[in-house]
Amino acid sequence: MTECNQSSFGFENCAGREVVASFDGGTISSDGGCLLLRQTDQRLNLLPRLAGCFVDRRDPERVEHSVLEMLSQRIYGLALGYEDLNDHEDLRLDPLFGVLSGRKDLNRPLAGKSTLNRMELGNGMPDRYKKITFWKDSLDELLVAVFIESHDKPPEQVIIDVDTTDLPLHGKQEGRFFHGYYDCYCYLPLYIFCGEHVLCARLRQSDRDASAGSLREIQRVITQLRAAWPDTRIILRGDSGFCRNQLMSWCESNNVEYVFGLARNQRLRRIIGREMWQATEEWNRTGKPARIFAEFSYATKSTKKRPGWDRERRVVAKAEHIDGKENPRFVVTSLNPEQWPARSLYEELYCARGDMENRIKEQFSLFADRVSAETMRANQLRLYLSVMAYVLVSGLRRLGLKATEMADAQVNTIRTRLLKIGAQIRVSVRRVRVSLSSAFPSQHLFQQVWANLRC
């Protein structure tokens with residue numbers, strides 16, 4: 001049988017013009033905008049410090065791919081939408097990824113999927129093949145340090161959000177457990193944010209209370225913040241899953257304010273009976289949602305499953321009637337009513353925690369749910385890599401996209417509109433020339449971002 005190596009491909013004509021395609025465009029990349037991410041890392045100095053959190057016990061004379069190079073390759077890949085290690089079998093040949101990873105010889109390929117996989121599976125124990133591992137404490141400190149560095153001077157006040165989410169499991173991973181609320185086998189990671197900055201991402205099993213281990217992580221984060229900003233006022237915010245006496249008592253003893261959701265019960269419903277009646281009457285009269293606020297001192301009682309509070313605390317209640325039914329909500333807080341009246345406490349302070357849910361959703365855009373390794377340690381590392389990709393894109397948004405129409409854009413939007421640019425790559429002895437598509441519609445935005453990052 002005769003083999004035919006076809007060099008061009010004809011398609012249907014367009015307006016009388018012949019349409020012909022051929023593989024003669026040279027080295028082409030679909031990620032031309034990634035140079036902006038690289039420039040962001042130059043500002044943050046994130047990836048070199050991240051590499052310093054790893055221990056490399058390989059023989060230096062036999063090392064072809066450094067830890068920094070492999071971490072850069074992996075994290076830039078996540079930021080650009082490549083979730084799987086298998087993707088790097090092709091990406092390792094892309095000279096633009098070689099530039100991102102700091103590869104000296106761009107004619108040599110980057111690390112393949114097997115090499116990257118061995119880096120992720122190292123557990124610190126003697127092993128012939130897996131000789132790279134990470135220091136969890138150093139990685140945790142780095143996240144908080146990047147947040148502190150984002151401020152030119154200590155802020156008067158910071159609001160720290162704490163929340164959890166589910167990462168579904170589809171295999172026999174270590175620590176898998178069926179969670180009744182999420183109706184699946186999953187992990188239950190703990191996230192701590194301040195605005196768009198992630199301060200903690202801790203992978204946990206789901207066979208425990210949502211607040212399990214949160215006090216230890218909050219203590220660690222606040223201790224590091226206080227060391228840098230001793231006079232900054234700190235407010236801790238979370239939903240009812242974190243309304244626990246131990247956590248609130250620690251806050252009260254350490255000059256940390258808090259506002260937490262409080263789960264509804266019949267006792268609380270009776271306390272706001274009058275306000276609920278008023279809200280119902282207003283709804284009957286106007287046909288529109290009605291809400292009335294109240295506040296009172298309250299303490300939970302001890303049960304067989306859970307101890308009660310050791311003191312009474314201020315509770316703010318929203319008595320709401322909507323769509324023909326009651327919708328009461330409660331929060332408990334240490335903030336005084338002079339500074340935060342009931343309505344503004346709930347509507348302006350507590351409800352603003354919904355923005356953290358948007359930040360958590362962005363983690364999924366960076367494949368935080370890709371926890372398919374066998375061990376929890378390896379999956380924790382994958383969670384860290386996703387978080388570092390988020391820190392990088394968030395830094396681009398904060399430093400490069402400020403004062404532009406995309407200053408508040410989500411990760412997916414930034415990736416699609418700014419990073420995914422077709423480009424021709426030409427490598428010479430003295431220069432890497434990246435010729436971006438002349439049809440790119442956001443050239444002015446690219447120029448603005450570049451200028452902001454160069455400041």
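Residues numbered from 1 in each chain as written. Predicted model: local features only at pLDDT ≥ 70, side-chain atom pairs only at ≥ 80, totals over all residues. Heavy atoms only, no water.

Chemist: Where do I start with the overall build of the protein in this structure?
Modeler: A count of helical and extended segments in the protein gives 16 helices and 19 strands. Projected onto its principal axes, the C-alpha positions of the protein cover 85 × 65 × 50 Å. Expressed as a percentage of the 455 residues in the protein, the buried residues total 48%. Intrachain contacts of the protein at a sequence separation of at least 6 include 65% that bridge at least 24 residues. Of the roughly 23600 Å² of accessible surface on the protein, a fraction of 47% belongs to carbon and sulfur atoms. Distance between charge centroids for the protein: 2 Å, based on 66 positive and 58 negative side chains. (Helix = DSSP H or I, 4+ residues; strand = E, 2+ residues; numbered from the N terminus. Buried < 20%, exposed > 50% of the residue type's maximum accessible area, 1.4 Å probe, protein only. Contact = heavy atoms within 4.5 Å. Areas by Shrake-Rupley, 256 points an atom, 1.4 Å probe, with all protein chains shown as cover. Lys, Arg positive; Asp, Glu negative; His and termini not counted. Charge placed at Lys NZ, Arg CZ, Asp CG, Glu CD.)

Chemist: I keep staring at the nonpolar core and nothing clicks. Help me out?
Modeler: Most often, soluble globular proteins have nonpolar side chains that are buried together. Judged by nonpolar contacts, the single largest core of 77 residues is most densely connected at Leu37, Leu50, Phe54, Tyr191 and Leu396. Broken down by element, the residue count for this core peaks at 14 residues, all from helix H14 (residues 376-400). With 41 residues, the next largest nonpolar core counts Cys194, Val221, Leu225 and Trp229 among its residues. (Core = buried A, V, L, I, M, F, W, Y, C linked by side-chain atoms within 4.5 Å.)

Chemist: What am I meant to see in the sheet that holds strand E8 (residues 177-179) here?
Modeler: The strands making up a sheet associate through hydrogen bonds between their backbones, and the pairing can be parallel or antiparallel. With antiparallel pairing, three strands are arranged side by side in an open sheet as E7-E9-E8. Both outer strands of the open sheet, strand E7 (167-168) and E8, are each paired with one neighbouring strand and no more. Taken together, the two bridges between E7 and strand E9 (residues 184-187) define a ladder with antiparallel strand orientation. Paired with Leu167 across the strands is Tyr187, a residue of E9. (Pairing = 2+ DSSP bridges.)

Chemist: Any chance you could explain the packing of aromatic side chains here in plain terms?
Modeler: Two measures describe an aromatic ring pair: the distance that separates the ring centres and the angle between the ring planes. Following the criterion strictly, the structure yields 14 aromatic pairs and no others. When the ring of Phe296 is compared with that of Tyr298, the centres are 6.3 Å apart and the planes differ by 80°; the resulting orientation is edge-to-face. As far as the burial class goes, Phe296 and Tyr298 line up, both buried. Seen in terms of ring centroids, Tyr298 and Trp309 are 5.8 Å apart; in terms of plane orientation they differ by 90°. Their pairing is edge-to-face. Here Trp309 lies in the loop between strand E14 (290-298) and strand E15 (313-322) and Tyr298 lies in strand E14, a separation of eleven residues in the sequence. With respect to burial, Tyr298 and Trp309 carry one shared label: buried. The ring of Tyr185 carries Arg176 above its face, with NZ or CZ at 3.8 Å from the centroid. (Phe/Tyr/Trp six-rings, centres within 6.5 Å; stacked < 30°, edge-to-face > 60°. Lys NZ or Arg CZ within 6 Å of the ring centre and 35° of its normal.)

Chemist: What is the right way to read the sheet that holds strand E3 (residues 27-29) from this model?
Modeler: One open sheet holds the three strands; their spatial order is E3-E18-E19, and the pairing between them is antiparallel. A single partner strand is all that each edge strand has here, and the edge strands are E3 and strand E19 (432-436). Between one strand axis and the next, the sheet turns by 30° as a mean value, whatever way the strands run. Note that E3 and strand E18 (residues 423-427) share three bridges and pair antiparallel. Within the sheet, the bridge partner assigned to Ser29 lies in E18 and is Ala423. (Axes fitted to C-alpha atoms, helices over the stretch in contact; angles between N-to-C directions.)

Chemist: Explain empty space enclosed by the protein here, please?
Modeler: The gaps of empty space that remain are located by a probe, the size of a water molecule, rolled over the atoms. Throughout the structure, instances matching the rule amount to two cavities of 30 Å³ or more. When its volume is computed, the largest cavity comes out at roughly 80 Å³. Around the largest cavity sit Leu143, Val146, Phe147, Glu196, His197, Val198, Tyr390, Val391, Ser394, Gly395 and Arg398, which together line it. Listing elements by their share of the lining of the largest cavity, those giving two or more residues are helix H7 (136-149), strand E11 (197-202) and H14. A per-element tally of the lining of the largest cavity places H14 first, with five residues. (1 Å grid on protein atoms, 1.4 Å probe; cavity = no way out; pocket = protein on both sides within 12 Å on 5 of 7 lines; lining within 4 Å. Points joined across faces, edges and corners; volume = space filled by probe spheres on them.)

Chemist: Hey, could you run me through the pattern of salt bridges in this one?
Modeler: Side chains that carry opposite charge are capable of pairing whenever their charged atoms lie near each other. Here the structure, examined in full by the defined rule, presents 35 salt bridges. One salt bridge connects Glu217 with Arg202, and the closest N-O pair in it is separated by 2.9 Å. Within this pair, whereas Glu217 is found in helix H8 (residues 214-228), its partner Arg202 is found in strand E11, the two being separated by 15 residues in sequence. This pair shows no difference in class: Glu217 is buried, exactly as Arg202 is. Here the salt bridges share partners, and the residues they tie into one network are Glu196, Asp355, Arg359, Glu362 and Arg397. (Salt bridge = Lys/Arg side-chain N within 4 Å of Asp/Glu carboxyl O.)

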